[in-house]
Amino acid sequence: MSEATAPAFSLELSQDVRDVRDWTHGFAADVIRPAAAEWDEREETPWPILQEAAKIGLYSLDFFANQWLEPSGLGVPVAFEEIYWGDPGIGLAVTGTGLAAVSVAANGTQEQVLEWTPQMFGTADDVKLAAFCSSEPDAGSDVAAIRTRAVYDQAKDEWVLNGTKTWATNGGIADIHVVVASVEPGFGSRGQATFIVPPGTPGLSQGQKFAKHGIRASHTAEVVLEDVRVPGACLLGGKEKLDERLARAREGKHSKGQAAMKTFEASRPTVGAMAVGCARAAYEYALEYATRREQFGRPIGDNQGVAFLLADMATRIDAARLLVWRAAWMARNDKDFDHAQGSMSKLYASETATFVTQNAVRILGGNGYTREYPVERWHRDATIFTIFEGASEIQKLIIGRAITGLPVR
């Protein structure tokens, strides 16, 4: 094959993606990182940072939509890596609304997307939040065990929601809540649907706010639903589509998947990018420290024990990023995750974040264990990536089933 006819292959980012990367990195370096320690200690939503992000268009529907629709699929992972390089806790406060928006985009009608996603972000002068509510006290990884019920009141064309959600980012303080509920409990995940709960809807309240190990600048809480009534138009995808899916379930026919899992599948490479950003922050800090910190008359990075550890950290970060980019590209180009490539990216990136941040603490020694240095905070933050939106063990289960074709349990 001649050079002229050889198929093109490149890992070079487009100019647009590079421009967004540099712009986002600037905000992360100048605004997010300097404020990170303060908001970690306060354990509160960093509203001033959100407002600054909204003013420049970083926290906006336009930004998220443009990156989501970027042709290569790398717009979101590249931008999120930079935001989470700044700080994972503040990063989740800035991007947490995105999961609810993804759920609406993945499962809603065009009319629902146009109506609700703008309200999730608000405007630069009136910032809003959204929350995606799937997990429950007895239903985390086991999505099929969701007990929150949705009952249709045909006379009023309303759905009545009852139940308790947990681990909800922005739960209770959000303007819009996106809630996964069971319509037909006997069908497990196939009998579930997703609902928009509009602002100010009676019966929705915040339960316990969690005091967390890491990502403490992001609000995480229970959401309690007591006879919450929402209009029929708030069922994502519409009732006709739900009825068709339930009919297939009654006949024992294969389902195309349910709403919560579709949301998680779409977001896994994004979570991987978050983990890569956290890992890169810790690696870069440890690398600089190792070249400046002297012991026994030479930089500690001159010792093989430290240099080899840094080499492992750098290699794993690059490998994790490439897995994330591959999965994001596949998702954007409608390529099936036939070998669970989305789960692969999330699994490896999250485990990389814990490996890198733990060893960054070790390289800094006693300094790394104090709150005067940021690696301690990044190590606490990194743990969440192996837990939320599918724990590492669940990702391995998904990958194992995909590569063997067997019902691994």
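This one's a predicted model, so the numbers in the text were calculated from it and none came from an experiment. (Residues numbered from 1 in each chain as written. Predicted model: local features only at pLDDT ≥ 70, side-chain atom pairs only at ≥ 80, totals over all residues. Heavy atoms only, no water.)

## Section: the state of the cysteines
Quick reminder of the rule: Pairs of cysteine sulfur atoms within 2.5 Å are identified as disulfides in what follows. Three labels apply to residues, based on accessible area from a 1.4 Å probe with only protein chains included: buried if under 20% of the type maximum, exposed if over 50%, partly exposed otherwise in between.
In the structure shown here, the tally under the stated rule is zero disulfides. With no disulfide partner, Cys133 has as its closest neighbouring cysteine sulfur the one in Cys234, 14 Å distant. For Cys133, a relative accessible area of 0% puts it in the buried group.

## Let's talk about the pattern of salt bridges
A pair can form between side chains of opposite charge whenever their charged atoms are brought close. To be explicit about the condition: Salt-bridge detection follows one rule: a side-chain nitrogen of Lys or Arg within 4 Å of a carboxyl oxygen of Asp or Glu. Only runs of H or I of at least four residues qualify as helices and only runs of E of at least two qualify as strands under DSSP, and these elements are numbered from the N terminus.
The tally for this structure, following the rule as stated, stands at 27 salt bridges. We note a salt bridge from Arg280 to Glu81, for which the minimum N-O separation is 2.8 Å. In this pair, Arg280 sits in helix H9 (residues 259–292) while Glu81 sits in helix H4 (residues 75–86), placing the two residues 199 residues apart along the sequence. The pair formed by Arg280 and Glu81 is uniform in burial state, with each residue classed as buried. Among the salt bridges present, the one from Arg280 reaches Glu284, with a minimum N-O distance of 3.0 Å. Of this pair, Arg280 and Glu284 are both found in helix H9, four residues apart, which corresponds to roughly one turn of the helix. Residue Arg280 is classed as buried on the basis of its relative accessible area of 12%. On the accessibility criterion, Glu284 (31% relative accessible area) is partly exposed. One salt-bridge network, held together by shared partners, links Asp40, Glu41, Glu43, Arg216, Arg371, Glu376 and Arg380.

## Some points on the side chain of Ser345
Basically, it comes down to this: Pairs of residues are marked as contacts when any of their non-hydrogen atoms sit within 4.5 Å.
With respect to the helices and strands, the residue Ser345 is situated in helix H11 (residues 341–364). Residue contacts for Ser345: discarding those within four places in its chain leaves Arg268, Pro269, Gly272, Leu323, Val324 and Ala327.

## Focus on the nonpolar core
Applicable threshold: Throughout, nonpolar core names a set of buried Ala, Val, Leu, Ile, Met, Phe, Trp, Tyr and Cys residues whose side chains join them through atoms within 4.5 Å.
Core analysis: the largest hydrophobic core is formed by 108 residues, its most contacted members being Met120, Phe195, Met313, Ile363 and Phe385. The element contributing the most residues to this core is H9, with 13 residues. Setting aside residues no more than four positions away along its own chain, Ile363 makes contact with Ala286, Tyr289, Ala290, Ile300, Val306, Leu309, Leu310 and Met313.

## Things to note about helix H6 (residues 97–107)
Most of H6 sits inside the fold, with nine of its 11 residues counted as buried. Among the residues of H6, Thr97, Gly98, Leu99, Ala100, Ala101, Val102, Ser103, Val104 and Asn107 are the ones counted as buried.

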